[in-house]
Amino acid sequence: MILAILSVSALCFFLFAVLSQRGALRRIMTLLFGALIILSAAGIAANDVNHFGMVQKTTLTTAPLVGAKQEKVLLAQPLGTAGKENAYLYRTNPLSTKVLVAKPGLHATTAVVDGQKAQVRSSVTRWRYSGTWSAFLFCWSGQENSIASTDVTFVVPSDWQVVNAK
């Protein structure tokens, strides 16, 4: 909606600045619509750079961990040539044959920690509009529910093995 406000204010600025007769109304309306253009452009830039009008909401989920191919085995697939980061292959349902993959990325992290019970903790942080006014202004931006970060932590008991998949 802020794009529509920017477009309409630019059109009105042109109409008053160029086509209207000289006088106080012309100056007032030109200043008003000029300021509206500047505020709209600043709002768009602030939303794009700093997610203006948005807040982060985090969703935590915990699921039981089942080995990808064998019981009590977590498969680690090294990424890149240095092999410093791993993608992990796992299942959360022992009856399912679908293997899930958790891999690190620009906004995603993976970690393996020791614990008592084998489980997968997933934390997904998404951008949400902070209120109805922000949702109204930036409704066409496509940023609602975009992922800010994802953290996947595998809690592995001492009787489990983390095996390289290569």
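Residues numbered from 1 in each chain as written. Predicted model: local features only at pLDDT ≥ 70, side-chain atom pairs only at ≥ 80, totals over all residues. Heavy atoms only, no water.

The chain goes by DUF4811 domain-containing protein in an unreviewed UniProt entry, where it is assigned to Lacticaseibacillus yichunensis.

### Focus: the overall build of the chain
Counted only if it meets this: Every helix listed is a DSSP run of H or I at least four residues long, and every strand listed is a run of E at least two residues long, numbered separately from the N terminus. For this measure, only C-alpha atoms enter the radius of gyration; the expected value for a globule follows 2.2 Å times N^0.38, where N is the number of residues.
A count of helices and strands for the chain gives three helices and nine strands. Listing every helix and strand of the chain by position from the N terminus yields α-α-β-β-β-β-β-β-β-α-β-β. Since a compact globule built from 166 residues should have a radius of gyration of about 15 Å, the 26 Å found for the chain marks it as more spread out than a globular shape. Dimensions of the chain, computed from C-alpha atoms along their principal axes, come out at roughly 85 × 35 × 25 Å.

### A look at the side chain of His51
What counts here: Side-chain atoms alone can form a polar contact between residues adjacent in sequence; in general such a contact is a pair of N or O atoms within 3.5 Å, and within protein one must be able to donate a hydrogen while the other accepts it. The contact definition used throughout considers only heavy atoms, calling two residues in contact when any of these lie within 4.5 Å.
Relative to the helices and strands, His51 resides in the loop between helix 2 (24-50) and strand 1 (54-64). Within the local environment of His51, its side chain forms a polar contact with the side chain of Trp127, the two groups lying 3.5 Å apart. Ignoring sequence-local partners within four residues, the contact set of His51 consists of Ala46, Trp127 and Gln143.

### Description of the pattern of salt bridges
Keep this limit in mind: A side-chain nitrogen of Lys or Arg and a carboxyl oxygen of Asp or Glu constitute a salt bridge if their distance falls within 4 Å.
Per the counting criterion, the structure on display carries one salt bridge. A salt bridge links Asp159 to Lys72; the shortest N-O distance between them is 2.9 Å. Of this pair, Asp159 sits in the loop between strand 8 (147-156) and strand 9 (161-164) while Lys72 sits in the loop between strand 2 (66-67) and strand 3 (73-79), and the two are 87 residues apart along the sequence.

### Details of helix 1 (residues 2-19)
For clarity, the threshold we go by: Expected span of a helix: the number of residues minus one, times 1.5 Å. For every residue, the accessible area obtained with a 1.4 Å probe (protein chains only) is divided by the maximum for its type, and the residue is called buried under 20%, exposed over 50%, and partly exposed between those limits. Arc definition: directions from the helix axis to the C-beta atoms.
The end-to-end C-alpha distance of helix 1, which contains 18 residues, comes to 25 Å, matching closely the 26 Å that a straight helix rising 1.5 Å per residue would cover. Listed as buried for helix 1 are Ile2, Ser9 and Cys12. The buried residues of helix 1 occupy an angular sector of 90° when projected down its axis, which confines them to one face. In this structure, helix 1 carries Leu11 and Leu19 as exposed residues pointing more than 90 degrees from its buried face. Summarising the contacts, the buried residues of helix 1 are in contact with helix 2 and helix 3 (132-137).

### Brief notes about the sheet that holds strand 1
Backbone hydrogen bonds are what pair the strands of a sheet, in a parallel or an antiparallel way. In plain terms, the rule: Between any two strands, at least two bridges found by DSSP are needed for them to pair. To get an axis, fit a line to the C-alpha atoms, keeping to the stretch in contact for a helix; angles then go from 0 to 180 degrees between the N-to-C directions.
With mixed pairing, the four strands of this open sheet are ordered in space as 1-7-8-6. Two strands lie at the open edges of the sheet, namely strand 1 and strand 6 (108-114), each paired on one side alone. Neighbour to neighbour, the strand axes of the sheet diverge by 15° on average, direction disregarded.

### Notes on the UniProt feature "transmembrane region" (unreviewed entry) in the chain
How we decide: UniProt positions are given in the numbering used here, feature names are shortened, and annotations may be inferred rather than shown by experiment.
Per the UniProt record, "transmembrane region" (unreviewed entry) is found at residues 30-49. The span residues 30-49 carries 100% helix and 0% strand; its end-to-end C-alpha distance comes to 28 Å.

### Some remarks on the packing of helix 1 against helix 2
Threshold: In these notes the angle categories are as follows: under 35 degrees is roughly parallel, over 145 is roughly antiparallel, 65 to 115 is roughly perpendicular, and the rest is oblique. Note on convention: near helix rotated counterclockwise from far helix by under a right angle means a left-handed crossing. Clockwise means right-handed. Amino acid classes used here: Ala, Val, Leu, Ile, Met, Phe, Trp, Tyr, Cys and Pro are nonpolar; Asp, Glu, Lys and Arg are charged; the rest, including Gly, are polar.
Closest axis-to-axis distance for the helix 1/helix 2 pair is 8 Å, and the angle between their directions is 155°. Judged by the inter-axis angle, helix 1 sits roughly antiparallel to helix 2. Of the two elements, helix 1 crosses helix 2, and the hand of that crossing is left-handed. Contacts between helix 1 and helix 2 involve Ile2, Leu3, Ile5, Leu6, Ser9, Ala10, Cys12, Phe13, Phe16 and Ala17 on the former and, on the latter, Arg26, Met29, Thr30, Phe33, Gly34, Leu36, Ile37, Ser40, Ala41, Gly43 and Ile44. Among the residues forming the contact of helix 1 with helix 2, the class breakdown is 15 nonpolar, five polar and one charged.

### Side note on the nonpolar core
The following threshold applies: Remark: nonpolar core denotes a set of buried residues (Ala, Val, Leu, Ile, Met, Phe, Trp, Tyr, Cys) joined through side-chain atoms within 4.5 Å.
Counting residues in hydrophobic clusters, the biggest one holds twelve residues: Leu65, Leu74, Ala76, Tyr88, Tyr90, Ala102, Ala118, Val120, Val152, Phe154, Val156 and Trp160. Contributions of two or more residues to this core are made by strand 3, strand 4 (85-91) and strand 8. Not counting the four nearest positions on each side in its chain, Trp160 is found in contact with Leu65, Val66, Gly67, Lys72, Val73, Leu74 and Ala118.

### Observations regarding the pairing of strand 3
When you tally the buried positions in strand 3, you get five out of seven residues, the bulk of the element. As paired strands, strand 3 and strand 9 are joined by four bridges and run parallel to one another. When the bridges of strand 9 are listed, Leu74 appears paired with Val162. As defined by bridge partners, strand 3 adjoins strand 4 across five bridges and the pair is classed as antiparallel. The partner of Pro78 across the bridge, within strand 4, is Asn86.

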